[in-house]
Amino acid sequence: TIATVSIFLCWVGAAVSRRAFVACAIIGFLGQARTLGTNSMMTAEGARAGMPLGQLAGDRANLTAWLKVFGPILYGQLYLGGLRIGIPQLPFYLNLGLAAAA
């Protein structure tokens, strides 16, 4: 979709240079629209499975909290590992892989 391609271009720019990132971020703003479909699908599947909406919202908040705790640790370790091997953009390559898998 357009949103996935948009965010993919944004991470390509980040992996290349700061100027490329700024240029691609102008296009990459559409990538945030991907969360709308994901949230709608999770809500619909949870409701279909008989899950109360409050529980679903709580579970989603817990997942977000886990990502906010462990995400920076992962990206920090990738950055330090990338520095050691001469590729400090390694966290951006992870984002490219995740965007490509989406």
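Up top is the structure these notes are about.
Residues numbered from 1 in each chain as written. Predicted model: local features only at pLDDT ≥ 70, side-chain atom pairs only at ≥ 80, totals over all residues. Heavy atoms only, no water.

Draft legend 1. Region of interest: the packing of aromatic side chains. Counted by the stated rule, this structure contains 2 aromatic pairs. Between W66 and F70, the aromatic rings sit 5.1 Å apart at their centres with planes inclined by 15 degrees, giving stacked as the arrangement. Here F70 and W66 lie together in helix α4 (residues 53-85), a separation of 4 residues that amounts to about one turn. Look at W66 and you get exposed, because its relative accessible area is 56%. (Phe/Tyr/Trp six-rings, centres within 6.5 Å; stacked < 30°, edge-to-face > 60°. Helix = DSSP H or I, 4+ residues; strand = E, 2+ residues; numbered from the N terminus. Buried < 20%, exposed > 50% of the residue type's maximum accessible area, 1.4 Å probe, protein only.)

Draft legend 2. Examining the pattern of salt bridges more closely. What the rule picks out here adds up to 1 salt bridge. Measuring nitrogen to oxygen at the nearest pair gives 2.6 Å for the salt bridge that ties E45 to R48. With E45 and R48 both in helix α3 (residues 34-48), this residue pair falls 3 residues apart, about one helical turn. For E45, a relative accessible area of 41% gives the class partly exposed. (Salt bridge = Lys/Arg side-chain N within 4 Å of Asp/Glu carboxyl O.)

Draft legend 3. Spatial organisation of the environment of C10. Along the polypeptide, C10 turns up in helix α1 (residues 2-16). Sequence spacing of C10 and Y93 is 83 residues, and the spatial spacing of their C-alpha atoms is 12 Å.

Draft legend 4. A look at the packing of α4 against helix α5 (residues 90-101). Closest axis-to-axis distance for the α4/α5 pair is 7 Å, and the angle between their directions is 125 degrees. With respect to α5, the element α4 is oriented oblique. In this structure, α4 contributes L74, Y75, L78, Y79 and G82 to the contact, and α5 contributes L90, P91, L94 and N95. Looking at the contact of α4 with α5, its residues break down into 7 nonpolar, 2 polar and no charged. (Axes fitted to C-alpha atoms, helices over the stretch in contact; angles between N-to-C directions. Parallel < 35°, antiparallel > 145°, perpendicular 65-115°, else oblique. Contact = heavy atoms within 4.5 Å. Nonpolar A, V, L, I, M, F, W, Y, C, P; charged D, E, K, R; others polar.)

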